[in-house]
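Each chain, written out:
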Amino acid sequence: MYFKQQYYKCLEDNYKQIYVLEKERKKLFFKVLMLSFFYFFTGLIAAYLFIFIIINDIFNPFLFPVCLFFMYFCFLKCIINFIYENRKFQSRLSKELVPILLKPVANFKNWPVNSNISDLIDSDLFPNFDTREDEFCVFGIYNNTNIIISDTCLKLPVRGLDKPDLFKGKIIQLELNNSFDNHIIFMSKNLKRCVNFKNFKTDVDELNDYLYAYAKTQNNINFVDFAFWEVLKEISKLYLAKSFSLSIKNNIVVIALSQRKFLPCGSLYSSLLNLKNYDDLIDRFIVIFNLIDLFNK
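Read on for an overview of the structure. (Residues numbered from 1 in each chain as written. Predicted model: local features only at pLDDT ≥ 70, side-chain atom pairs only at ≥ 80, totals over all residues. Heavy atoms only, no water.)

### Considering the packing of helix 1 (residues 2–13) against helix 8 (residues 279–295)
Link 1 in the chain: It is the contact of helix 1 with helix 8, at a shortest axis distance of 10 Å, that shows an interaxial angle of 140 degrees. Overall, the two elements helix 1 and helix 8 adopt an arrangement that is oblique. Classified by chirality, the crossing of helix 8 by helix 1 is right-handed. Across the interface between the two elements, Phe3, Lys4, Tyr7, Tyr8 and Leu11 from helix 1 touch Asp279, Ile282, Asp283, Phe285, Ile286, Phe289, Asn290 and Asp293 from helix 8.
Link 2 in the chain: Residues that form the contact of helix 1 with helix 8 fall into these classes: 8 nonpolar, 1 polar and 4 charged. (Axes fitted to C-alpha atoms, helices over the stretch in contact; angles between N-to-C directions. Helix = DSSP H or I, 4+ residues; strand = E, 2+ residues; numbered from the N terminus. Parallel < 35°, antiparallel > 145°, perpendicular 65-115°, else oblique. Left-handed = near helix turned anticlockwise from the far one by under 90°. Contact = heavy atoms within 4.5 Å. Nonpolar A, V, L, I, M, F, W, Y, C, P; charged D, E, K, R; others polar.)

Structure representation (structure tokens):
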């Protein structure tokens, strides 16, 4: 709760900037609502004409397809208009609101994109990849631990200009203050198994049901307990992970989260002045701090 209070205070300190965005959100929402109502009623008129033509058995090779087209177009446009404008507004919020929430606790700053490739290679989480393409990358420090968070796409090493994706999602890299003197890997069971590592069973049955656990040796693996598993579950949930993998090699931790969809930042339909609406975004930072605290116990 202490972390969340720091984030709330930061939002309150930037109230003027957020208030301006809130006013623009309300105007945009009203504009989108009116436009969607226009498309909806236009679609109703087209549907009425279409039904009228059928009931009265009127054959008009021009009017019939035009009414059918406008009916489908207007009803679809009514729905798509909300989705498109909401996604566009969320993209804007990610550029204007996320920088505000990078400051508390770890004081995240922009970091050079497409860097730290050696840590990904050493993690053994990915087979051979050609290039790393980051859309977003920040660096912060918490509890004597360096943190890098990036939106990353790894490309397969194949010939041709259109290289398919090997991985696309969020990568979290930690440089811990202490070392485990081992290489330990956790992978969700929808990923390929690690053939060069020894599989081991943890003391947490639920973790064994969802993740494969591997290690080079049986040393320094007693940190895997229920509290550790709860944090891993929370990370997967908050980041909407389609698959999860984690590597601990000496003092370097790499977490790869393949995501189902774009991570929203706010919404066109929710108030920007209500602090509770930021909880999901804030919790994505807090769960990383909780994991670091577990490692540094």
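Here the narrative resumes, following the displayed structure.
### Looking at the packing of aromatic side chains
Any pair of aromatic rings gets described here by the distance separating the centres and the angle formed by the planes.
Link 1 in the chain: Enumeration according to the criterion identifies 26 aromatic pairs in this entry.
Link 2 in the chain: Consider the rings of Phe180 and Phe223, whose centres lie 4.9 Å apart with planes at 55 degrees: the pair is tilted. Of the two residues, Phe180 is situated in the loop between strand 4 (165–175) and strand 5 (183–188) and Phe223 in the loop between strand 7 (211–215) and helix 7 (226–238); the sequence distance between them amounts to 43 residues.
Link 3 in the chain: Phe180 sits in the buried class, given a relative accessible area of 8%.
Link 4 in the chain: Of the residues examined, Phe223 reaches a relative accessible area of 17% and is grouped as buried. (Phe/Tyr/Trp six-rings, centres within 6.5 Å; stacked < 30°, edge-to-face > 60°. Buried < 20%, exposed > 50% of the residue type's maximum accessible area, 1.4 Å probe, protein only.)

### Some points on the packing of helix 7 against helix 8
Link 1 in the chain: Relative to each other, helix 7 and helix 8 sit at 155 degrees, their axes nearing to 10 Å. Between helix 7 and helix 8, the crossing angle belongs to the class labelled roughly antiparallel. Where helix 7 crosses over helix 8, the handedness of that crossing is left-handed. Taking contact as the criterion, the partners of Ala227, Phe228, Val231, Leu232, Glu234, Ile235 and Leu238 in helix 7 are, on helix 8, Asp280, Asp283, Arg284, Val287, Leu291, Leu294 and Phe295.
Link 2 in the chain: Grouping the amino acids of the contact of helix 7 with helix 8 by side-chain chemistry returns 10 nonpolar, no polar and 4 charged.

Any functional reading would require information beyond the geometric quantities listed.
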